[in-house]
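Residues per chain are reported as follows:
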Amino acid sequence: MSTPTKPLLKPRKSPVQARSTASVDAILEATLQVLLREGREGLTTTRVAMRAGVSVGSLYQYFPNKSSLLQAVLRAHLERTYGATVAAGEKYRGLPLRAMGKGLLADFLAMKFEHIEASLALYQISDDVEGAKIARAIGQQSVAAVAAMLRSSCEPLTTDATSVASMILAAIAGVSRRMLESEDPHTARQELERELRVMVMAYLDALKA
């Protein structure tokens, strides 16, 4: 019996010109819009191409199938979300640990709640397109940025900054997903954000030198 071939997930080629980059950006935005409106089963390359204003042939130059489209959209979404933590790593350098924790939490949640519908839709397709693998790779950059921020604090830690950064980011990501997947995300945020802040502050306080 022949082994089924694994669907191609990576783009066929990367855009090298401004026009090509604009086309890929339009395709990714169209993919997200079709996903939100039609769901995963209703998403087709034809519908995405029509929404993006490109030919199906042009779409296939970059993305061989639906799975590769969804993976690219998920990657772009995670890069935006975790980009907030990388930016926070620079923004709060040199501050006390509590100020770092509060700022990091606020910036991450602001980004997640700016794209609630997209986050929810992409949670549902994540397992189908190696979402965990993508998240781990992108998450490593976030951990490194937050760890560097923690090391710069005027209040030294008593333990490894990378471990602390990993714990804090895991807590924030997990609770934020709980918020978004609740029946009323904004109410859940009001109820849980304070508790999450208390947890992060207590954790950092316990690790001060």
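About the cut-offs
Residues numbered from 1 in each chain as written. Predicted model: local features only at pLDDT ≥ 70, side-chain atom pairs only at ≥ 80, totals over all residues. Heavy atoms only, no water. Helix = DSSP H or I, 4+ residues; strand = E, 2+ residues; numbered from the N terminus. Buried < 20%, exposed > 50% of the residue type's maximum accessible area, 1.4 Å probe, protein only. Contact = heavy atoms within 4.5 Å. Areas by Shrake-Rupley, 256 points an atom, 1.4 Å probe, with all protein chains shown as cover. Salt bridge = Lys/Arg side-chain N within 4 Å of Asp/Glu carboxyl O. Expected span 1.5 Å × (residues − 1). Bend = angle between axes of the 7 residues up to and from the residue.

Engineer: How do you make sense of the overall build of the protein chain when you look at a structure like this?
Structural biologist: Looking only at helices and strands, the protein chain features 9 helices and 0 strands. Walking the protein chain from its N terminus toward its C terminus, one meets helices and strands in the order α-α-α-α-α-α-α-α-α. Reported as C-alpha extents along the three principal axes, the dimensions of the protein chain are approximately 60 × 45 × 40 Å. When each of the 209 residues of the protein chain is scored for burial, the buried share is 43%. Restricting to contacts in the protein chain with at least 6 residues of sequence separation, those with at least 24 account for 73%. Only carbon and sulfur atoms are counted for the fraction: they give 53% of the accessible area of the protein chain, which is about 11,300 Å².

Engineer: Help me understand unusual backbone geometry in this model?
Structural biologist: Where the residue is not glycine, phi is negative for most of them; where a peptide bond is considered, it is trans in most cases. Positioned with a positive phi, Glu-130 is a non-glycine residue whose angle comes to about 60 degrees. Structurally, the position occupied by Glu-130 is in the loop between helix H6 (116-125) and helix H7 (131-151).

Engineer: Before we go on, may I ask you to explain the pattern of salt bridges in this structure?
Structural biologist: Oppositely charged side chains can pair when the atoms bearing their charge come close. As enumerated under the stated definition, the model contains 12 salt bridges in all. Across the salt bridge formed by Lys-91 and Asp-107, the nearest N and O atoms sit 3.5 Å from each other. You can see Lys-91 sitting in helix H4 (residues 66-91) and its partner Asp-107 sitting in helix H5 (residues 97-114), a full 16 residues away along the chain. Taking the shortest distance from any N to any O, the salt bridge between Lys-208 and Asp-205 comes out at 3.4 Å.

Engineer: It is not clear to me how the environment of Ala-206 should be interpreted in this structure. Could you clarify?
Structural biologist: Its location among the elements puts Ala-206 in helix H9 (residues 185-206). Classification of Ala-206 by relative accessible area gives exposed; the value is 60%. Distance in space between the C-alpha atoms of Ala-206 and Thr-158 is 8.9 Å, their sequence separation being 48 residues.

Engineer: Where do I start with H9 in this structure?
Structural biologist: Note on helix geometry: an α-helix contains 3.6 residues per turn, so any two residues three or four positions apart are oriented the same way. For H9, with 22 residues, the first-to-last C-alpha span of 30 Å sits near the 32 Å given by 1.5 Å per residue. Roughly 35 degrees is the biggest bend found in H9, and it falls at Leu-192. Along H9, the residues that are buried comprise Pro-185, Ala-188, Glu-193, Leu-196, Val-200, Met-201 and Leu-204.

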